[in-house]
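Structural characterization, general
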Amino acid sequence: SSSAASDVYKRQLWSRFAAEYPPPAGEDTELACLGIQYRWQRDGDQALAAAKPLWLVGQGTPDACDPLFEALIRRGDLTVADRLERVRLATEAGNPRLARAIAADLPGAARITAQEFARVDADPAKALARGDFRWRETGGRALALYAVERSARTDALAAHAAWQKHRDRVPEAERRRGDARIAFHAARQLLPQAHSWFRVVGDVALADGEHAWRARAALRAGAWADLLAVIDRMPTALARDPTWRYWRARALTATGDAEAAAAVHAELATDSSFYGLLAAEALGRGEEKLAQPRRTAPPVEAEVLAAFGARADVRRVVKLAELEMRTEAQREWVVIVRGADDDALLLAADYARRAGLYDRAINTADRTAARHDYTLRYLMPYRDEFAAAGREHQVDQALLFGIARQESRFAAGIVSSAGAVGLMQLMPATARWVARELKRTDYRPSRIAEVATNTDFGAFYFKYWLERLDAQPALAAAAYNAGPGRAQAWRTGAPLEGAIWVETIPFNETRDYVKKVLANAVYYARELDQRYVALTTRLGTVMPRDAVAVTASPATAASN
């Protein structure tokens, strides 16, 4: 482990380190730095070059990296420009303390003092508008870009106005960087100007998140030709994400290349994701996709299940789960299924289902590559309770199952780090409010984890917002996750196709949540033998609405 390696390092037991950690340390930064330290004392300064990429990050790094960075700085292999680059990366990653620490240690005109930072931090927008920076010095311009970032995070419109007064005072590369950050934050704030602001940044190097929000700005603007160009400029790995494959196909359709669009849709339609479903519907094959067999693998034989369950490591997972040691059980389970082929994954998933380890069953079944069992991927435990809650509050069971699958993976006793409880992940304050609304005088906080109570309250809470948010499941799901005030605030500008509205939700977690809940609902509708309703239909059109305070309700979302 990383902690064991750190102990070896602190005690300078390099021979033991070489024996126990001989390969490169991989993605763990502390182990990577320890490995480079070992090779440095063995091979000399030539080993230090491997540490430079670890410097160019916006996050803090472990203490084990410090001697390497100090040596690189002494040798001149980490230049002042490299150090200023990390100031920028830290600033843009939302780590101003790290940015300040690095900048304070820079030499000469590149150094930014604590007093200079304090003046900006007191009021970034005012500092940027005033423009009182050392424009001819690298440190002064770095501080100006720091002010751009800090100001644009809260008000991109004001930051843009202030930046326009001063942007011509910096070299083009820095000017484009400031332009890009303001456009990025404008896109995340759903400002209609974001697309046009991105147009002026040219071919400046962008991070993945900036590429994505540049595409979302074009998407909200309906600028299909620009969207196509933006996606084509994305790094290959990002462009291959189902999200951008789908929107590239839509852009191809909109710009008149229907044949190329159909080819992309056909490739993507084999995927079971949110965008795989939309791609199938774009080809007119949505119902056909859902009519395919739910299982593409034979049932697991009883004796094979029994042999799997008799394994010591599997019995250990079951016992840990019985003791409510969920984290430890999950770690053990990861080892059991690591590297397993489809047949082994389906065996493990089926056993987990039978053992009541529903979260492990779903996560394991989700990992199969070619042979699938959708009855395991979309389990329906506690079916009677969900049916009762759906009937009582007139909510589609498919949506309730979709929420619970995403919230808890049907682990009834789970409590999140934020304090949300149970299948539907209700916050205690939300549960108290629902109990008052339902006039449940028998409710006690200890009952929040009870399956019947939790599903009943969760169904009421979801239906409450569904009724107040134009009967739009996407809006209600966003409200359930992030709070109704935010869901309302994101309804800006012109009417938007539901899929575009979902893709441009500013919160990464909520965007992913809404996609998965609605895709889950499509598959659960099949498991419940309901009439087919296309995902496109479920998404509908989201109409604009002024962001107003939502009253007579708890201030927090159910799951936050």
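In short, a report on the structure. (Residues numbered from 1 in each chain as written. Predicted model: local features only at pLDDT ≥ 70, side-chain atom pairs only at ≥ 80, totals over all residues. Heavy atoms only, no water.)

Of the regular secondary structure elements, the protein holds 35 helices and 2 strands. Taking 2.2 N^0.38 as the reference for a compact globule, 560 residues should give roughly 24 Å; the C-alpha atoms of the protein span a radius of gyration of 27 Å, in line with that estimate. Dimensions along the principal axes, computed over C-alpha positions, put the protein at roughly 70 × 65 × 60 Å. Expressed as a percentage of the 560 residues in the protein, the buried residues total 51%. Contacts in the protein between residues far apart in sequence, at least 24 positions, make up 60% of those at least 6 positions apart. For the protein, the exposed area adds up to about 25,400 Å²; of that, 51% sits on carbon and sulfur atoms. (Helix = DSSP H or I, 4+ residues; strand = E, 2+ residues; numbered from the N terminus. Rg over C-alpha atoms; globule rule 2.2 N^0.38 Å. Buried < 20%, exposed > 50% of the residue type's maximum accessible area, 1.4 Å probe, protein only. Contact = heavy atoms within 4.5 Å. Areas by Shrake-Rupley, 256 points an atom, 1.4 Å probe, with all protein chains shown as cover.)

Before going further, it helps to examine the packing of aromatic side chains. Taken as a whole and judged by the stated rule, the model has 29 aromatic pairs. For the ring pair F308 and Y351, a centre distance of 5.5 Å and an interplane angle of 65° mean the geometry is edge-to-face. With a gap of 43 residues between them, F308 in helix α21 (residues 302–309) and Y351 in helix α24 (residues 342–354) connect regions that are remote in the sequence. Arranged with centres 4.8 Å apart and planes meeting at 85°, the rings of Y464 and W465 form a pair that is edge-to-face. With respect to burial, Y464 and W465 carry one shared label: buried. The ring centre of W55 lies 4.7 Å from the NZ or CZ of R86, which sits over that ring. (Phe/Tyr/Trp six-rings, centres within 6.5 Å; stacked < 30°, edge-to-face > 60°. Lys NZ or Arg CZ within 6 Å of the ring centre and 35° of its normal.)

When you line up the elements, Y523 lands in helix α34 (residues 508–527). Judged by relative accessible area, Y523 falls into the buried class, the value being 3%. It is 18 Å that separates the C-alpha atoms of Y523 and A499, two residues lying 24 residues apart in sequence. Filtering out sequence-adjacent residues up to four positions away, Y523 remains in contact with S272, L277, K289, L290, Y374 and Y378. At 3.1 Å, the side chain of Y523 and the backbone oxygen of S272 are in polar contact. (Polar contact = N/O pair within 3.5 Å; in protein donor to acceptor, adjacent residues only side chain to side chain.)

Before going further, it helps to spend a moment on the state of the cysteines. On inspection of all chains with the given rule, the structure shows 1 disulfide. Two residues, C33 and C65, share a disulfide whose sulfurs are 2.0 Å apart. Handedness here is read from the sign of the S-S torsion; for C33 and C65, about 95°, the answer is right-handed. Pair noted here: C33 is in helix α3 (residues 29–43) and C65 is in the loop between α4 (52–55) and α5 (66–75), with a separation of 32 residues, a long-range link. Residue classification places C33 among the buried positions, given a relative accessible area of 0%. (Disulfide = S-S within 2.5 Å.)

Take the pattern of salt bridges next. Tallied over the full model, the rule gives 53 salt bridges. Among the salt bridges present, the one from R248 reaches D232, with a minimum N-O distance of 2.9 Å. Taken as a pair, R248 in helix α17 (residues 242–254) and D232 in helix α15 (residues 224–232) lie far apart in primary sequence, 16 residues in all. Classification of R248 by relative accessible area gives partly exposed; the value is 28%. Across the salt bridge formed by D456 and R440, the nearest N and O atoms sit 3.5 Å from each other. With a gap of 16 residues between them, D456 in helix α30 (residues 451–468) and R440 in the loop between α29 (428–437) and α30 connect regions that are remote in the sequence. Taking relative accessible area as the criterion, D456 reaches 16% and is therefore assigned buried. (Salt bridge = Lys/Arg side-chain N within 4 Å of Asp/Glu carboxyl O.)

A separate point is the packing of helix α27 (residues 383–393) against helix α28 (residues 397–407). Helices that pack against each other are described as a pair by the angle of their axes relative to one another and the distance between those axes. Running from N to C, α27 and α28 point in directions that differ by 125°, and their axes come no closer than 9 Å. Our classification of the angle between α27 and α28 gives oblique. Between α27 and α28 the crossing geometry is right-handed. Side by side, α27 and α28 meet where R383, F386, A387, A389 and G390 of the first sit next to Q397, L400, F401 and A404 of the second. When the residues that make up the contact of α27 with α28 are grouped by side-chain class, the tally is 6 nonpolar, 2 polar and 1 charged. (Axes fitted to C-alpha atoms, helices over the stretch in contact; angles between N-to-C directions. Parallel < 35°, antiparallel > 145°, perpendicular 65-115°, else oblique. Left-handed = near helix turned anticlockwise from the far one by under 90°. Nonpolar A, V, L, I, M, F, W, Y, C, P; charged D, E, K, R; others polar.)

Compared with an ideal rise of 1.5 Å per residue, which puts 18 residues at 26 Å, α30 spans 26 Å between its outermost C-alpha atoms and is within 8% of the ideal. Summarising burial for α30: 15 of the 18 residues are buried, a large majority. Where α30 terminates, the next one or two residues include D470, which has phi positive at roughly 60°. (Expected span 1.5 Å × (residues − 1).)

Here we come to helix α6 (residues 80–92). Between its first and last C-alpha atoms α6 spans 18 Å; for 13 residues at 1.5 Å apiece the expected length is 18 Å, and the two agree. Turning to α6, its buried residues number three or more, namely D82, R83, L84, R86, V87, A90, T91 and E92. Against α4, α5, α7 (96–104), α10 (138–152), α12 (172–188) and α14 (208–221) lie the buried residues of α6. One or two positions beyond α6, positive phi appears at G94, with a value near 80°.

Attention now goes to the nonpolar core. Counting residues in hydrophobic clusters, the biggest one holds 120 residues, and the most contacted among them are W247, F410, Y480, W501, V514 and L539. Sorting elements by how many residues they give to this core places α34 first, with 10 residues. Those residues in contact with L539 that sit more than four places away from it in its chain are F274, L278, Q472, A474, G498, A499, V502 and L518. By size, the runner-up hydrophobic cluster in this structure holds 58 residues, among which are C33, C65, A162 and V204. (Core = buried A, V, L, I, M, F, W, Y, C linked by side-chain atoms within 4.5 Å.)

Our next topic: the side chain of S151. With respect to the helices and strands, S151 occurs in helix α10. Excluding residues within four positions of it along the chain, S151 makes contact with P124, A125, L128 and A159.

For R405, the location among the structural elements is in helix α28. Among the polar contacts made by the side chain of R405, one reaches the side chain of D366 at a distance of 3.0 Å. Other than its neighbours up to four places away in sequence, R405 contacts I362, D366, R377, Y378, F410, N520 and Y524.

Once that is clear, we can look at the environment of S417. Looking at the element boundaries, S417 is found in the loop between α28 and α29. S417 sits in the exposed class, given a relative accessible area of 86%. Measuring from C-alpha to C-alpha, the distance between S417 and D456 comes to 23 Å, with 39 residues separating the pair along the chain.

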